[in-house]
Amino acid sequence: MQSETTILYGKPVVQHIRERLKTDIQSLATKGIIPGLAVILVGEDPASRVYVRNKEKAFKELSCYSKTFQFSTTATETELINLIQSLNQSTEFHGILVQLPLPSHLNEKLITNTVSPDKDVDGFHPMNLGLLLQGIPRFVPCTPNGIIEMLKFYNITTEGKHVVILGRSNIVGKPMFALLVQKFKMGNSTVTVCHTKTQSLEKITKQADILIVASGVPHLVNGNMVKAGVHIIDVGINQVKDDSVKGYKLTGDVDYDSVLGIAKSISPVPRGVGPLTITMLASNTIQAAKNN
Ligand code: NAP
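Residues numbered from 1 in each chain as written. Predicted model: local features only at pLDDT ≥ 70, side-chain atom pairs only at ≥ 80, totals over all residues. Heavy atoms only, no water.

Trainee: Looking at this structure, how should I read the overall build of the protein chain?
Mentor: On a plain count of helices and strands, the protein chain comes out with 10 helices and 11 strands. Against the 2.2 N^0.38 benchmark of 19 Å for 292 residues, the protein chain shows a C-alpha radius of gyration of 19 Å, consistent with a compact globule. By principal-axis analysis of the C-alpha atoms, the protein chain measures approximately 60 × 40 × 35 Å. When each of the 292 residues of the protein chain is scored for burial, the buried share is 49%. In the protein chain, once contacts between residues fewer than 6 apart in sequence are set aside, the share between residues at least 24 apart is 70%. If you sum the accessible surface of the protein chain, you get close to 14,600 Å²; carbon and sulfur atoms cover 53% of it. Side chains of the protein chain give 30 positive and 24 negative charges; the mean places of these two sets differ by 4 Å. (Helix = DSSP H or I, 4+ residues; strand = E, 2+ residues; numbered from the N terminus. Rg over C-alpha atoms; globule rule 2.2 N^0.38 Å. Buried < 20%, exposed > 50% of the residue type's maximum accessible area, 1.4 Å probe, protein only. Contact = heavy atoms within 4.5 Å. Areas by Shrake-Rupley, 256 points an atom, 1.4 Å probe, with all protein chains shown as cover. Lys, Arg positive; Asp, Glu negative; His and termini not counted. Charge placed at Lys NZ, Arg CZ, Asp CG, Glu CD.)

Trainee: I keep staring at the side chain of histidine 125 and nothing clicks. Help me out?
Mentor: Relative to the elements of secondary structure, histidine 125 occurs in the loop between α4 (108-112) and α5 (126-133). Histidine 125 gets classed as buried once you look at its relative accessible area, which sits at 13%. Not counting chain neighbours up to four residues away, the residues in contact with histidine 125 comprise Asn113, Val115, Pro117 and Asp120.

Trainee: Just checking my understanding: could you explain helix α1 (residues 11-29) for this structure?
Mentor: Residues spaced three or four apart along an α-helix face the same direction, because each turn holds 3.6 residues. When the terminal C-alpha atoms of α1 are compared, their 26 Å separation across 19 residues agrees well with the 27 Å that a helix rising 1.5 Å per residue should span. Every buried residue of α1 is listed here: Val13, Val14, Ile17, Arg18, Leu21, Ile25 and Leu28. Considering only its buried residues, α1 is in contact with α2 (46-61), α6 (142-153) and α10 (274-291). (Expected span 1.5 Å × (residues − 1).)

Trainee: In this structure, what is going on with the sheet that holds strand β4 (residues 95-98)? I would like to understand it.
Mentor: Ordered by their spatial adjacency, three strands build an open sheet running β3-β2-β4, and the pairing between neighbours is parallel. For this open sheet the edge positions go to β3 (65-71) and β4, each flanked by a neighbour on one side alone. Neighbour to neighbour, the strand axes of the sheet diverge by 15 degrees on average, direction disregarded. In the sheet, strand β2 (residues 36-42) pairs with β3 via seven bridges, with the strands oriented parallel. If you follow isoleucine 40 over to β3, its bridge partner there is phenylalanine 69. Sitting on the sheet, α2 is in contact with β2, β3 and β4, with an inclination near 160 degrees to β3. Against the sheet, helix α3 (residues 77-89) engages β2, β3 and β4, with an angle of about 180 degrees to β2. (Pairing = 2+ DSSP bridges. Axes fitted to C-alpha atoms, helices over the stretch in contact; angles between N-to-C directions.)

Trainee: So what exactly am I meant to see when it comes to the nonpolar core here?
Mentor: Across soluble globular proteins, nonpolar side chains have a tendency to be buried as a group. In terms of nonpolar packing, the biggest core is built from 47 residues, with Ile147, Leu180, Ile212 and Ile233 touching the most fellow members. Counting only elements with at least two residues in this core, the list comes to α1, β2, α2, α6, β5 (162-166), α7 (173-180), β7 (210-213) and α10. Examining the composition of this core, we find that seven residues originate from one element, α10, more than from any other. Composition of this core by domain shows at least three residues from each of domain 1 (32-117) and domain 2 (141-276). When neighbours within four sequence positions are excluded, isoleucine 212 is seen to be in contact with Ile147, Val163, Val164, Ile165, Leu166, Met176, Leu180, Ile233 and Val235. Formed by 18 residues, the second largest nonpolar core is a distinct cluster that contains Ala75, Ile81, Leu87 and Ile96. (Core = buried A, V, L, I, M, F, W, Y, C linked by side-chain atoms within 4.5 Å. Domains from an automatic or database assignment.)

Trainee: Would you mind showing me how to read the site of the ligand here?
Mentor: Close contacts around the ligand come from 21 residues, with Arg168, Ser169, Thr196, Ile237 and Thr277 the closest. At 3.5 Å, a backbone N or O of histidine 195 approaches a nitrogen atom of the ligand. Between the ligand and threonine 277, the relevant distance is 2.7 Å, taken from an oxygen atom to a side-chain nitrogen or oxygen of the residue. Residue composition of the shell around the ligand, grouped by class: nine nonpolar, 11 polar and one charged. (Near = heavy atom within 4 Å. Polar contact = N/O pair within 3.5 Å; in protein donor to acceptor, adjacent residues only side chain to side chain. Nonpolar A, V, L, I, M, F, W, Y, C, P; charged D, E, K, R; others polar.)

Trainee: Can you help me understand the packing of α1 against α6 in this one?
Mentor: In a pair of packed helices, the angle between the axes and the distance between the axes together describe the arrangement. Running from amino to carboxyl end, α1 crosses α6 at an angle of 100 degrees, the nearest separation of the two axes being 10 Å. Taken together, the axes of α1 and α6 lie roughly perpendicular to each other. Where α1 approaches α6, its residues Pro12, Val13, His16, Ile17 and Arg20 are matched on the opposing element by Glu149, Met150 and Phe153. For the contact of α1 with α6, the residue count by class is five nonpolar, one polar and two charged. (Parallel < 35°, antiparallel > 145°, perpendicular 65-115°, else oblique.)

Trainee: Where do I start with unusual backbone geometry in this structure?
Mentor: Both trends apply: most residues other than glycine have a negative phi, and most peptide bonds are in trans. Each neighbour pair has its own omega, and for leucine 100 with proline 101 the value is 0 degrees, a cis peptide bond. The residue after valine 269, namely proline 270, is reached through a cis peptide bond having omega -5 degrees. Tracing the chain through its elements places proline 270 in the loop between β11 (265-266) and α10. Of note in this structure, serine 63 is not a glycine but carries a positive phi near 60 degrees. Its location among the elements puts serine 63 in the loop between α2 and β3.

This is the structure we're talking about:
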């Protein structure tokens, strides 16, 4: 029998978190502190430019400060490292973000690891990832953090649930695992992480009470691969060609229509997890300003 599927929109979650952040921003303002984010953008990648513009817009709306340091594609490692080292000392910027991907001649790890762990609002520095694994997180990577906020907002509990994560990237899958496995209220899950070498994928996805899909493969998961009553978080953002003026539409990693009536809930693409990532970046920057 088919049942109604709840759509987990990101916007109400964002509004809820922003209300919480406003209190912190106002309290910092009374001390003359405006949370500041430095964004380092190298090259002309159109998707990166859109992300950076959206970050600037969100920070402005929250009365926070952000500045983009733009470099040409030919920028050198030394130039970027020198800038990061001076931003590490700056009192104006509490957070530093290096927009990825970087052009291939640049050593991404070397550059991102130069960001001071105290200003690593992306949560990618080895020290911050280590703290997360130990269960004493300082800055949690933004997308997994946003997913936890989304589950919390829609009263989807994680304790004792089997959560299947499809994808093991450093920015989504692995930190998502590290959060859900902790002895946290929004943790205490039994977690299975799948990837391209996983065998009989659908046997595993069918066991999920909560399925988090971050594969970057459009429509990898469909209604035949999930059990009735599952909660699905679709992290994927894929551009698929179509006949529209833009020439493409955004689609997730889940075949949305095929899970309707089976899943208890699903986050849509677009308008699901996407807007939460930037809000959690602002949250981490405000946290950095408070720590300071
Ligand atoms: P990624 O680094 O490319 O990682 C993809 C992961 O999925 C890898 O672990 C890969 O396995 C696994 N995978 C790919 N195809 C698979 C298959 N057929 N079966 C099983 N596993 C498979 O991607 P990412 O950076 O995590 O991003 C994933 C998606 O989320 C992308 O669409 C991205 O645009 C989106 N995203 C959205 C947000 C947001 O704000 N909403 C933020 C970040 C990313 P292997 O490790 O074996 O290769």
